[in-house]
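Residues per chain are reported as follows:
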Protein chains: 2
Amino acid sequence: MPRVVDHEERRWEIVFALWLVIAEQGIEGVSLRHVAAEAGVSMGRIQHYFGTKDALVLAGCTALVDRAYGGYQETADAAPRERLLHVMTQQIPRDDAGRIGVSVWYAYVAKSINDAAVRQVLAEARRGAEDECVRLIRADRDVSAETALAQARRLLALADGLTLRVLVRDLEPAEAVAILEAEVGAG
Amino acid sequence: MPRVVDHEERRWEIVFALWLVIAEQGIEGVSLRHVAAEAGVSMGRIQHYFGTKDALVLAGCTALVDRAYGGYQETADAAPRERLLHVMTQQIPRDDAGRIGVSVWYAYVAKSINDAAVRQVLAEARRGAEDECVRLIRADRDVSAETALAQARRLLALADGLTLRVLVRDLEPAEAVAILEAEVGAG
DNA sequence: CCTGTTACGATGCGAGTGCATTGCAAAGCC
DNA sequence: GGCTTTGCAATGCACTCGCATCGTAACAGG
């Protein structure tokens, strides 16, 4: 058989271009032509690897979730308290790259309100994060499962809100991190 | 001169239809034709009153902010603590109407990342809310301006995050309200 | 009645869209 | 060196989009 290429690499190039388009034009600006131009490839290639526009956009969502999970796993050998703080503060944008990532994230969050497939992906990710936070909290201090769950939910919601404010430049990254450090420390 | 109609009424009908379209199809689904169909009017009417699609969408944003501010002003004769709680919990969706309103709100938040005009409207609204919360906090308890500002920011961010989770049905409205009541009470 | 202005419905146009189709180039196997 | 299967570029098509334009129905003032 013929012509062997690295499929994962090809898919990744296209997904990365998709993220760039979303970051700088919003999810409204996503079209096969725009993504193809950003990636420097032809529309045909995108169709070949993803089939449909919806499939491409959804793949971009799962890729985002996977990347976040991979980043978390790299902290496996840290103390629970540190890992918890990492989960809360990781998505706070500190530079342009972080800003791109989190703006894409929020684009998908908004889309999830009206898109069942995206909603399911994000719901699953959120549930995973919540479970993991509960585990970290109970590893850090002696509390009941219910207490840990309430604390996890409060912390995650707070982190989301702070991240958004940093993204739209209503808040400095340092201040957001400081607030979260105080909250995580207080238990 | 001719043909007198209530301009505000006409504009409001169209903006309301716009909100419905955003709520059920997302901001991607907004087109002059869709909004016109939802409002039961012709495209020409929308052009007559708003000129351009961008102007319509922006008008929908300012109308949303104005409505929220009007709702707040209705609580003018309540105690500061109660008003503060109202600000934090008002946008938590309890029924379908509330869900529509807040989903439109989040659509605009996402749009503000890439749209300067929307961003400015929301930034102004957020600043106003923050200032008002600082005033309410200092009327409720004796704290410094810096402390009140820090508390206000933390509460508003937390309320945003909780609202989002209720919207995507990851959290019950009652639990979100309970968390906020505890936080506002704790000071 | 007439006239001038306003309110808007209808239509047309050029641009952009997602997707199906077609065709060909590249590269293992025989 | 053919043969065959894959990877993908190119093109065409039906459709939707925002917006400009045109026509006209309605109505207050003279």
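Bear in mind the structure is a predicted one, so any value in this text is a computation, not a measurement.

Colleague: Where do I start with the packing of helix H2 (residues 32-39) of chain B against helix H3 (residues 43-50) of chain B in this structure?
Modeller: Each pair of packed helices can be described by the angle between their axes along with the distance between the axes. All names here are of chain B. At a minimum axis separation of 8 Å, H2 and H3 run at an interaxial angle of 105°. Classified by the angle between their axes, H2 and H3 sit roughly perpendicular to one another. Contacts between H2 and H3 involve Leu32, Arg33, Val35 and Ala36 on the former and, on the latter, Met43, Ile46 and Gln47. Counted by class, the contact of H2 with H3 contains 5 nonpolar, 1 polar and 1 charged residues.

Colleague: Would you take a moment to explain the nonpolar core for this structure?
Modeller: A general tendency of soluble globular proteins is for nonpolar side chains to be buried together. Val35(A), Tyr108(A), Val35(B), Ile46(B) and Tyr108(B) are the most contacted members of the largest nonpolar core, which has 74 residues in total. Setting aside residues up to four positions removed in sequence, Ile46(B) forms contacts with Ile14(B), Leu32(B), Val35(B), Ala36(B), Val41(B), Gly51(B) and Leu56(B). Judged by nonpolar contacts, the second largest core, of 51 residues, contains Leu162(A), Leu84(B), Ala152(B) and Ala176(B).

Colleague: Explanation requested: the environment of Arg45(B) in the structure shown.
Modeller: All names here are of chain B. Topologically, Arg45 is positioned in helix H3. Arg45 gets classed as partly exposed once you look at its relative accessible area, which sits at 29%. C-alpha of Arg45 to C-alpha of Val21: the two residues are 24 residues apart in sequence and 17 Å apart in space. Setting aside its immediate chain neighbours within four residues, Arg45 contacts Arg10, Glu13 and Ile14.

Colleague: What am I meant to see in helix H9 (residues 173-186) of chain B here?
Modeller: Residues that lie three or four places apart on an α-helix share one face, since the helix turns once every 3.6 residues. All names here are of chain B. Under the 1.5 Å per step criterion, the end-to-end length of H9 is 20 Å for 14 residues, consistent within 8% with the ideal 20 Å. Every buried residue belonging to H9 is among Pro173, Ala176, Val177, Ile179, Leu180, Glu183 and Val184, and all of these are buried. Around the axis of H9, the buried residues are gathered within 160° of arc, so they sit on the same side. H9 presents Ala174 and Ala186 as exposed residues on the side facing more than 90 degrees away from its buried surface.

Colleague: Explain the relation of the copies chain A and chain B here, please?
Modeller: A rotation about an axis combined with a shift along that same axis relates the two copies of the chain. Its rotation angle being 180°, the transformation that places chain A on chain B also includes 0.0 Å of axial translation and leaves an RMSD of 0.0 Å. Both copies of the chain, as the preceding transformation shows, are related through a two-fold rotation axis. Interface overlap between copies: 100% of the residues of chain A at the interface are likewise at the interface in chain B, consistent with a symmetric, same-surface contact.

Colleague: Before we go on, may I ask you to explain the interface of chain A and chain B in this structure?
Modeller: Accessible area lost upon the coming together of the parts is a frequently used measure of interface size. Every contact between the two is made by 34 residues of chain A and, on the other side, 34 residues of chain B. Here chain A meets chain B over a buried area of about 3,000 Å², counting both sides, of which 57% is carbon and sulfur. Where chain A meets chain B, there are 10 salt bridges. Glu183(A) is the salt-bridge partner of Arg154(B), the closest N and O atoms lying 2.9 Å from each other. At the junction of chain A and chain B, the tally comes to 10 residue pairs in polar contact (both at pLDDT 80 or more). The element contributing the most residues to the side of chain A that touches chain B is helix H8 (residues 145-167) of chain A, with 11 residues. Taken together, the residues that form the side of chain A that touches chain B break down as 17 nonpolar, 6 polar and 11 charged.

Colleague: Would you explain unusual backbone geometry in this entry?
Modeller: Negative phi is the rule for most residues except glycine; trans is the rule for most peptide bonds. The backbone of Arg169(A) shows a phi angle near 65°, a positive value even though the residue is not glycine. Assignment of secondary structure puts Arg169(A) in the loop between H8 and helix H9 (173-186).

Colleague: I'm lost on the confidence of the model for chain A in this one. Help?
Modeller: When pLDDT is low, close inspection of the predicted coordinates is not appropriate. Averaged over every residue, the pLDDT of chain A is 96; the share at 70 or more is 98%. The least confident element of chain A, judged by mean pLDDT, is H9(A) at 94; the most confident is helix H2 (residues 32-39) of chain A at 98.

Colleague: Explanation requested: the packing of aromatic side chains in the structure shown.
Modeller: Geometry of an aromatic ring pair is reported as the spacing of the ring centres plus the angle between the planes. In the structure shown here, the tally under the stated rule is 4 aromatic pairs over all chains. Seen in terms of ring centroids, Trp12(B) and Phe16(B) are 5.8 Å apart; in terms of plane orientation they differ by 45°. Their pairing is tilted. Placement of the pair is Trp12(B) and Phe16(B) together in helix H1 (residues 7-25), with a separation of 4 residues, close to one helical turn. Among the residues examined, Trp12(B) registers a relative accessible area of 39% and is labelled partly exposed. Here the aromatic residues Trp12(A), Phe16(A) and Trp19(A) are joined through ring pairs into a cluster of three or more.

Colleague: In this structure, what is going on with the side chain of Thr89(A)? I would like to understand it.
Modeller: Take Thr89(A): it is sitting in helix H5 (residues 80-89). Those residues in contact with Thr89(A) that lie beyond four places of it in its chain are Arg94(A), Val177(A) and Leu180(A).

Colleague: Help me understand the side chain of Lys111(A), please; the structure alone is not making it clear to me.
Modeller: Within the secondary structure layout, Lys111(A) lies in helix H6 (residues 96-112). Classification of Lys111(A) as buried rests on a relative accessible area of 19%. With near-sequence residues (within four places) excluded, Lys111(A) lies in contact with Ile27(A), Val57(A), Val118(A) and Glu28(B).

How each quantity is defined
Residues numbered from 1 in each chain as written. Chains lettered and ligands numbered in written order. Predicted model: local features only at pLDDT ≥ 70, side-chain atom pairs only at ≥ 80, totals over all residues. Heavy atoms only, no water. Axes fitted to C-alpha atoms, helices over the stretch in contact; angles between N-to-C directions. Helix = DSSP H or I, 4+ residues; strand = E, 2+ residues; numbered from the N terminus. Parallel < 35°, antiparallel > 145°, perpendicular 65-115°, else oblique. Contact = heavy atoms within 4.5 Å. Nonpolar A, V, L, I, M, F, W, Y, C, P; charged D, E, K, R; others polar. Core = buried A, V, L, I, M, F, W, Y, C linked by side-chain atoms within 4.5 Å. Buried < 20%, exposed > 50% of the residue type's maximum accessible area, 1.4 Å probe, protein only. Expected span 1.5 Å × (residues − 1). Arc of directions from axis to C-beta. Least-squares fit on C-alpha atoms with pLDDT ≥ 70 in both. Buried area = accessible area lost by both parts, 1.4 Å probe. Salt bridge = Lys/Arg side-chain N within 4 Å of Asp/Glu carboxyl O. Polar contact = N/O pair within 3.5 Å; in protein donor to acceptor, adjacent residues only side chain to side chain. pLDDT = per-residue confidence, 0-100. Phe/Tyr/Trp six-rings, centres within 6.5 Å; stacked < 30°, edge-to-face > 60°.

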